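Structural characterization, general
What follows is each chain in one-letter form.
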Amino acid sequence: MRYVNGMRGSMMAVVMTSAALVVAGCQPGGVGAGAGKGRITPSGAAGSTASSMPGVSKPGTASGPSTPSASQSAPAASAPSGGSAATCAAGALKATARQAAVRPVGTGTGAAVVQFTNVSGHTCVLKGHPTVAGAGNGSPELNVPLTVKPTGAAASVNVTSGGKAWVKLTFVQVQGEGDGYCVSGSAPVVYPTMVVRLPGSGAYQVVLDDGQFAECDDTVTVTAVSTLRPS
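Since the structure is predicted, the reported quantities are computational estimates derived from the model, not experimental observations. (Residues numbered from 1 in each chain as written. Predicted model: local features only at pLDDT ≥ 70, side-chain atom pairs only at ≥ 80, totals over all residues. Heavy atoms only, no water.)

Let us look at the overall build of the protein. Per the secondary structure count, the protein includes three helices and 12 strands. Counting the 231 residues in the protein, one finds 29% classified as buried. Long-range pairs, those at least 24 residues apart, make up 74% of the contacts in the protein with a sequence separation of at least 6. If you sum the accessible surface of the protein, you get close to 14000 Å²; carbon and sulfur atoms cover 59% of it. (Helix = DSSP H or I, 4+ residues; strand = E, 2+ residues; numbered from the N terminus. Buried < 20%, exposed > 50% of the residue type's maximum accessible area, 1.4 Å probe, protein only. Contact = heavy atoms within 4.5 Å. Areas by Shrake-Rupley, 256 points an atom, 1.4 Å probe, with all protein chains shown as cover.)

Relative to the helices and strands, Asn 118 resides in strand S2 (residues 111-118). If we skip the residues at most four places from it in the chain, Asn 118 touches Ala 92, Leu 93, Thr 123, Cys 124, Val 159, Thr 160, Ser 161, Gly 162 and Gly 163.

A few words on the environment of Met 194. Note that Met 194 resides in strand S10 (residues 193-198). Under the relative-accessibility criterion, Met 194 is labelled buried at 0%. The spacing of Met 194 and Gln 212 is 18 residues in sequence and 9.4 Å in space, taken between C-alpha atoms. Dropping the residues within four chain positions of it, Met 194 is found in contact with Val 132, Ala 133, Gly 134, Leu 146, Phe 171, Tyr 204, Gln 205, Val 206 and Phe 213.

The geometry of two aromatic rings is summed up by the distance between their centres and the angle between their planes. Considering all chains together, one arrives at two aromatic pairs under this definition. Considering the side-chain rings of Phe 116 and Tyr 204, the 5.8 Å spacing of their centres and the 75 degrees angle between planes classify their relative orientation as edge-to-face. Placement of the pair is Phe 116 in strand S2 and Tyr 204 in strand S11 (residues 202-206), with a sequence separation of 88 residues. Residue Tyr 204 is classed as buried on the basis of its relative accessible area, which comes to 8%. (Phe/Tyr/Trp six-rings, centres within 6.5 Å; stacked < 30°, edge-to-face > 60°.)

Attention now moves to the side chain of Gln 175. Mapping Gln 175 onto the fold places it in the loop between strand S8 (164-172) and strand S9 (189-191). Polar side-chain contacts of Gln 175 include one of 3.1 Å to the backbone oxygen of Val 105. Sequence-distant contacts of Gln 175, that is, excluding residues within four places in its chain, are made with Val 105, Gly 106, Thr 107, Gly 180, Tyr 181 and Val 183. (Polar contact = N/O pair within 3.5 Å; in protein donor to acceptor, adjacent residues only side chain to side chain.)

Attention shifts here to the pairing of S8. As judged from the seven bridges shared by S2 and S8, these two strands associate in the antiparallel manner. When the sheet's bridge partners are listed, Ala 111 is paired in S8 with Thr 170. Pairing between S8 and strand S12 (residues 213-223): four bridges, direction antiparallel. Along S12, the bridge assignment pairs Thr 170 with Thr 221. (Pairing = 2+ DSSP bridges.)

In summary, soluble globular proteins display a tendency toward joint burial of nonpolar side chains. Grouped together as the largest cluster of nonpolar side chains are 29 residues, with contacts concentrated most on Val 114, Phe 116, Leu 126, Leu 169 and Phe 213. Residue assignment for this core shows that the elements contributing at least two residues are strand S1 (93-99), S2, strand S3 (124-126), strand S7 (157-159), S8, S10, S11 and S12. A total of four residues in this core trace back to one element, the largest contributor, which is S8. With near-sequence residues (within four places) excluded, Phe 116 lies in contact with Leu 93, Lys 94, Ala 95, Gly 163, Lys 164, Ala 165, Val 167, Val 196, Leu 198 and Tyr 204. (Core = buried A, V, L, I, M, F, W, Y, C linked by side-chain atoms within 4.5 Å.)

What follows is the structure in structure tokens.
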């Protein structure tokens, strides 16, 4: 009987001890509570996802203006970094054209100088070689793109308000008298106007100060835009 009672006593002690541990595990600050909190608080995988999203600050850090990540498309800046002037916007320039003093021998236009005057009221930047198309009067959308052969290195140029920049267009010259002829055998073409487009700065329709644009082969050699007036 003592042996049986002893076993019963020992079993009761084990049961009471287990119950005490279960009760302790249910109290705030116990192991059970800590584990449960770790499963539902967004500080694991969910927290990592939020902090990796562009523009979202990590939990626990002071919030402030976010910096776009490389995968984001940042808003277009009005001017390049460092305070330099922005590219001249479309419509910021007034364009005119005149026959060049130095041009290939022949009876056509030969070459023309296109002048761009900055009418925007602030300094802006031009760079690159233009594209050129022949067009009728008042119909720049009904144009014929010319094959452009760029010459000279392109460099950014600052054009102050009221300042000027130039490009020179040299055509395949018409030969002979009257309607003339093309050395290649093609027929000469006459365009009342030309549409000159500058990279990032819009297209401008120009008319010669004297005559029309007569050329061969719909090919033109163009200089890069420059603040040095070509002859």
